[in-house]
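Take a look at the letters that make up each chain.
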Amino acid sequence: MAYVALHMKYSVLQVESILFKTASRNIIPNWEGGQYEGDDATRFEALRLAMELGVDYVDIELKVADKFISFISGSKPDKCKLIVSSHNYQSTPSCEELADLVARIQAVGADIVKIATTATDIVDVSRMFQVMVHCQVPMIGLVMSEKGLMSRVLSPKFGGYLTFGTIDATKLSASGQPTIEELLDIYNIRHIGPDTKVLGLIANPVKQSKSPILHNKCLQSVGYNAVYLPLLADDLARFLSTYSSPDFSGFSCSLPFKVDAVQCCHEHDPIAKSIGAINTIIRRPDGKLVGYNTDYIGAISAIEDGIGGPGSKDAAVSPLSGRLVVVVGAGGAGKAIAYGAKEKGARVVVANRTYEKAVSLAAAVGGHALRLAELETFRPEEGMILANATSLGMYPNVDGTPIPKKALSFYDVVFDVVYAPKVTRLLREAEESGVKVVSGVEMFVRQAMGQFERFTGIEAPESLMREIAAKYT
Ligand SMILES: O=C(O)[C@@H]1C=C(O)[C@@H](O)[C@H](O)C1
């Protein structure tokens, strides 16, 4: 498997096509987590031949490095650098253990140290970063699995010698590996260096999000030195306290952390405080975390313009005024929509799987609560508006929907916060029932505009955001 390694030298990247004998798992020996079951002599001979053919690097496992160096009896061409590697497919050791491993690899005569571990929690990556920034020799430090992605993209920021990307997304050599195209075109890795700010979406799941493509393309368009990452976290507070550097300067916050985020922030925008949910966290230079909610304006303005046409969000009297809005879901997005609908003069009904949460949110906005099952027959009046604020229908569970199709004809307008896929089962069935629909893509773009301006202090490039959202959702 030919590998393309993105080689960072003083943050100038050279994309080099390098044959790594052991880079691809199907020729990493099985005792190092790969699939190669042959003998070392055959492997060593192939590496020796590769050096003769002029490869820039040869990568050999620490366990057999002494044996390999004896095998080539010191006849390594000066041009070829020897990478000595260690793979851990189960976990990421402590900083001390990683530092000890660096020393052991150095001691066998490596030109470049390479340590690849596995993240069981996204905070594991911070230990690799700590060892990399203090390493006195060229070092490749990578943390495998989806939770380790930031180690691959931020390698140039923390002094990594190179990072790996696969040419074909269907043929990874290690879990969580991005493609070369993603590294270059989405993460703009050629321009990542020690001063690059880190932004990202803290959520679980996170793979479905289009925020990375949206924000990274817009950051590049305005020349702002930051990269936006999908951050698959298990605990919001632990993530924020681990990555506490001012360089980690702004986050989108989504399922399931929008309500937790309130307790994690030191200060809150008044609207976010009233809603009781945060989808945008800004770390000020003094280290304080400030919470905002851009879902509110994103969803409500999308629904208003969806009901009354473009510009209705600015009308003296909101098209929502006096209407009955049924909000399905009492989590972060549901709180934002229920609060926003009330602010716009609507009457609010909240339905939620956990009825007590529906009762609590309904009480907060002076509305009523429903059990999910009651949606099937709930039809107190004409002209109602339905807003789905659950993740039902979100990729990959695209067959989910919060309400039976036959009940959709009770509504004038149906809105879905879910934007991946762009046309959810709920929106499809609403259209089939002759109901006006408002896509979650509208909310997604509008809430992202507010976030972008908080992240950068620069007005969001709306037309570019709409172009990207149209292309990638
Ligand atoms: O990228 C997403 O899917 C996130 C989804 C949301 O609901 C927003 O509040 C976040 O800001 C972005």
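Computed from a predicted model, the values in this text were never measured in an experiment.

A.B. asks: What's the story with the overall build of the protein chain in this structure? I'm lost.
C.D. replies: On a plain count of helices and strands, the protein chain comes out with 16 helices and 19 strands. If one aligns the C-alpha atoms of the protein chain with their principal axes, the spans along those axes are about 85 × 45 × 40 Å. Expressed as a percentage of the 473 residues in the protein chain, the buried residues total 56%. Taking as baseline every contact in the protein chain between residues at least 6 positions apart, the subset at least 24 positions apart corresponds to 65%. Of the roughly 19,200 Å² of accessible surface on the protein chain, 52% is carried by carbon and sulfur atoms. Looking at the protein chain, you have 48 positive and 52 negative side-chain charges, and the mean spots of the two groups are 2 Å apart.

A.B. asks: Looking at this structure, I do not really get the UniProt feature "domain: Shikimate dehydrogenase substrate binding N-terminal" (unreviewed entry) in the protein chain. What am I missing?
C.D. replies: In the numbering adopted here, UniProt assigns the feature "domain: Shikimate dehydrogenase substrate binding N-terminal" (unreviewed entry) to residues 201-281. Split by type, residues 201-281 is 37% helix and 25% strand. Its first and last C-alpha atoms lie 10 Å apart.

A.B. asks: Teacher, can you tell me more about the site of the ligand here?
C.D. replies: Taken together, L201, S209, S211, S252, S254, K258, N279, D295, Y419, F444, Q447 and Q451 make up all the residues around the ligand. One of the side-chain nitrogen or oxygen atoms of S209 is found 2.6 Å away from an oxygen atom of the ligand. Within the side chain of N279, a nitrogen or oxygen atom sits 2.9 Å from an oxygen atom of the ligand. A total of 310 Å² of accessible area belongs to the ligand in isolation, and the protein chains cover 91% of it. Looking at the shell around the ligand element by element, the count peaks at 3 residues for helix α15 (residues 440-456).

A.B. asks: What's the story with the domain arrangement of the protein chain in this structure? I'm lost.
C.D. replies: Accessible area lost upon the coming together of the parts serves often as the stated size of an interface. Domain annotation for the protein chain reports domain 1 (195-293 + 442-473) and domain 2 (296-438). With centres defined by C-alpha atoms, the gap from domain 1 to domain 2 works out at 24 Å. Facing the 21 residues of domain 1 at the interface are 20 residues of domain 2. Residues R446 and D305 are paired through a salt bridge, measuring 3.0 Å at the closest nitrogen-oxygen approach. Where domain 1 packs against domain 2, one counts 5 residue pairs in polar contact (both at pLDDT 80 or more). Listing elements by their share of the side of domain 1 that touches domain 2, those giving two or more residues are α10 (270-275) and α15.

A.B. asks: Please explain the packing of aromatic side chains as it appears in this structure.
C.D. replies: We describe a pair of aromatic rings using the distance from one ring centre to the other and the angle between the two ring planes. Counted by the stated rule, this structure contains 10 aromatic pairs. Here the aromatic rings of F129 and F158 are separated by 3.9 Å at their centres, their planes lie at 15°, and the arrangement is stacked. Taken together, the positions of F129 in helix α4 (residues 124-134) and F158 in the loop between α5 (149-153) and β7 (162-165) put the pair 29 residues apart, joining distant regions of the chain. F158 shares its class with F129; the two are buried. Positioned above the aromatic ring of F158, the side-chain terminus of K157 is 5.8 Å from the ring centre.

A.B. asks: Sorry, what's going on with unusual backbone geometry here?
C.D. replies: Glycine aside, residues mostly have negative phi angles, and peptide bonds mostly take the trans form. The peptide bond linking N204 to P205 adopts the cis configuration, its omega dihedral lying at 10°. Mapped onto the fold, P205 is located in the loop between β8 (197-203) and α7 (211-222). You will see that S145, though not glycine, has its phi angle at about 90°, which is positive. Judged by relative accessible area, S145 falls into the buried class, the value being 13%.

A.B. asks: Looking at this structure, I do not really get the pattern of salt bridges. What am I missing?
C.D. replies: One side chain can pair with another of opposite charge once the charged atoms of both are near each other. Counted by the stated rule, this structure contains 30 salt bridges. Salt-bridge contacts for D100 lead to R104; the nearest nitrogen and oxygen are separated by 3.2 Å. Pair noted here: D100 and R104 are both in helix α3 (residues 95-107), with a separation of 4 residues, about one helical turn. The exposure class of D100 is partly exposed, given its relative accessible area of 41%. Residues participating in the shared-partner salt-bridge network are D305, E442, R446, E462 and R466.

Rules used throughout
Numbers given for residues are sequential positions, taken from 1 along each chain in its written order. Local features in this predicted model are restricted to residues whose pLDDT is 70 or higher, and side-chain atom pairs enter the listing and the counts only when it is 80 or higher, whereas totals over whole chains, interfaces and linings include all residues. Hydrogens and water are ignored here; the side-chain numbers use all heavy atoms of the structure. Helix and strand definitions follow DSSP, with helices as H or I runs of at least four residues and strands as E runs of at least two, each counted in order from the N terminus. Remark: exposure states derive from per-residue accessible area (1.4 Å probe, protein chains only) relative to the maximum for the residue type, with buried under 20%, exposed over 50%, and partly exposed in between. Only heavy atoms matter for contacts: two residues are in contact if any of them lie within 4.5 Å across the pair. Surface exposure here means Shrake-Rupley accessible area, sampled with a 1.4 Å probe, where a residue is shielded only by the protein chains that are shown. By the counting rule applied here, Lys and Arg register as positive and Asp and Glu as negative, while His and the ends of each chain are not counted. Where a charge lies is defined by one atom per residue type, namely NZ (Lys), CZ (Arg), CG (Asp) and CD (Glu). UniProt positions are given in the numbering used here, feature names are shortened, and annotations may be inferred rather than shown by experiment. The rule for a residue being near a molecule or strand is that one of its heavy atoms must lie within 4 Å of it. In the analysis that follows, any N or O atom pair within 3.5 Å is treated as a polar contact, provided that within protein one partner can donate a hydrogen and the other can accept it, and provided that, for residues neighboring in sequence, both atoms belong to side chains. Segmentation of the chain into domains, including their bounds, is taken from an automatic or database domain assignment. By convention in these notes, a salt bridge is any Lys or Arg side-chain nitrogen within 4 Å of a carboxyl oxygen on Asp or Glu. Whether two aromatic rings pair depends on their centres lying within 6.5 Å, for rings of Phe, Tyr and Trp, where Trp uses its six-membered ring; planes under 30 degrees apart make the pair stacked, over 60 edge-to-face, and the rest tilted. Our definition puts a charge over a ring when NZ of Lys or CZ of Arg is within 6 Å of the ring centre and also within 35 degrees of the ring normal.

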